[in-house]
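Spelled out, the chains give:
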Amino acid sequence: MFIRFLMANPDQNTILIEQAFEDIKEICIRFQNDSGSTNSEVNSLLLGIANLWQNEEKTN
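Given the structure is predicted, the values throughout are model-derived calculations rather than measurements.

J.: Whenever I open this one, the overall build of the protein chain confuses me. Can you help?
T.: Within the protein chain one finds two helices and zero strands. Within the span of the protein chain, comprising 60 residues, buried residues form 8% of the whole. Approximately 5400 Å² of the protein chain is accessible, and the part contributed by carbon and sulfur atoms is 58%.

Here is the structure:
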């Protein structure tokens, strides 16, 4: 999966990616705790979302 950000400041790009990673991680932890999902179920959900985004990028 490729994530593309076009920014003038590469340091800002790194900060945004790191923050997004932390946010997604926290969302996944909360989802797992609230739903009782297993690690593999959460992983499968994330892979499914990534595939949807990748397919949308191909069509745009």
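Moving on, there is more to tell.
J.: Teacher, can you tell me more about the packing of helix α1 (residues 10–35) against helix α2 (residues 39–59) here?
T.: How two helices pack is summed up by the angle between their axes together with the distance between the axes. Two numbers describe how α1 lies on α2: the axes approach to 10 Å, and their chain directions differ by 130°. The pairing of α1 with α2 is recorded here as oblique in orientation. The two elements α1 and α2 cross, and the hand of that crossing is right-handed. Where α1 approaches α2, its residues Ile24, Cys28, Phe31 and Gln32 are matched on the opposing element by Asn39, Val42, Leu45 and Leu46.

Definitions and cut-offs
Residues numbered from 1 in each chain as written. Predicted model: local features only at pLDDT ≥ 70, side-chain atom pairs only at ≥ 80, totals over all residues. Heavy atoms only, no water. Helix = DSSP H or I, 4+ residues; strand = E, 2+ residues; numbered from the N terminus. Buried < 20%, exposed > 50% of the residue type's maximum accessible area, 1.4 Å probe, protein only. Areas by Shrake-Rupley, 256 points an atom, 1.4 Å probe, with all protein chains shown as cover. Axes fitted to C-alpha atoms, helices over the stretch in contact; angles between N-to-C directions. Parallel < 35°, antiparallel > 145°, perpendicular 65-115°, else oblique. Left-handed = near helix turned anticlockwise from the far one by under 90°. Contact = heavy atoms within 4.5 Å.

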